[in-house]
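The lines below spell out each chain.
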Amino acid sequence: MARFEMPEAGFGAMGATAQADILFELGMMYATGRDCETDVVAAHKWFNIAAIKGSARAAELRSELSAAMSKVEIARALREAREWMTMH
């Protein structure tokens, strides 16, 4: 599975909109399988984080994606998002 590592140096200096846009694109990448395997859990995770950072579109897509996910998948995505937010 493809991963994007975002070094903390410089990432924190970006504007909130730029951060949300990057995180939204990660969600799109996993949702569509662009340059990686499709992964709805990872897509939900990144859409969730982008929504927290202010992306309304990410919030919409997260909601749409949730409708097709199991409760276990949603719980895993939320846990992974929370872990990422805690570390970054």
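Placed above this text is the structure.
Residues numbered from 1 in each chain as written. Predicted model: local features only at pLDDT ≥ 70, side-chain atom pairs only at ≥ 80, totals over all residues. Heavy atoms only, no water.

A. Focus on the overall build of the protein. Scanning the protein for helices and strands turns up five helices and zero strands. In the protein, the succession of helices and strands from N to C terminus is α-α-α-α-α. For the protein, with 88 residues in total, the buried portion stands at 35%. Entry remark: accessible area of the protein is about 5,300 Å², with carbon and sulfur atoms responsible for 55%. (Helix = DSSP H or I, 4+ residues; strand = E, 2+ residues; numbered from the N terminus. Buried < 20%, exposed > 50% of the residue type's maximum accessible area, 1.4 Å probe, protein only. Areas by Shrake-Rupley, 256 points an atom, 1.4 Å probe, with all protein chains shown as cover.)

B. Layout of the packing of helix α3 (residues 40–52) against helix α5 (residues 71–87). Where α3 meets α5, the axes come as close as 8 Å, and the angle between the chain directions of the two elements is 50 degrees. Relative to α5, the element α3 lies oblique. Here the hand of the crossing between α3 and α5 comes out right-handed. Between α3 and α5, the contacting residues are V40, V41, H44, K45, W46, N48, I49 and I52 on the first element and E73, I74, R76, A77, L78, E80, A81, W84 and M85 on the second. The class makeup of the residues in the contact of α3 with α5 is 11 nonpolar, two polar and four charged. (Axes fitted to C-alpha atoms, helices over the stretch in contact; angles between N-to-C directions. Parallel < 35°, antiparallel > 145°, perpendicular 65-115°, else oblique. Left-handed = near helix turned anticlockwise from the far one by under 90°. Contact = heavy atoms within 4.5 Å. Nonpolar A, V, L, I, M, F, W, Y, C, P; charged D, E, K, R; others polar.)

C. Local environment of helix α2 (residues 16–32). The terminal C-alpha atoms of α2, which comprises 17 residues, lie 24 Å apart, in line with the 24 Å expected from a rise of 1.5 Å per residue. Every buried residue of α2 is accounted for by Q19, A20, L23, F24, L26, G27, M29 and Y30. (Expected span 1.5 Å × (residues − 1).)

D. View of the side chain of H44. Mapped onto the secondary structure, H44 falls in helix α3. Taking relative accessible area as the criterion, H44 reaches 2% and is therefore assigned buried.

E. Structural detail: unusual backbone geometry. Located in the positive-phi region is D35, a residue other than glycine, with phi close to 65 degrees. With respect to the element layout, D35 can be found in the loop between α2 and α3.

F. Main features of the nonpolar core. L23, F24, Y30, W46, F47, I49 and A58 are the most contacted members of the largest nonpolar core, which totals 21 residues. Listing elements by their share of this core, those giving two or more residues are α2, α3, α4 (56–66) and α5. By residue number, the principal contributor to this core is α3, which donates eight residues. (Core = buried A, V, L, I, M, F, W, Y, C linked by side-chain atoms within 4.5 Å.)

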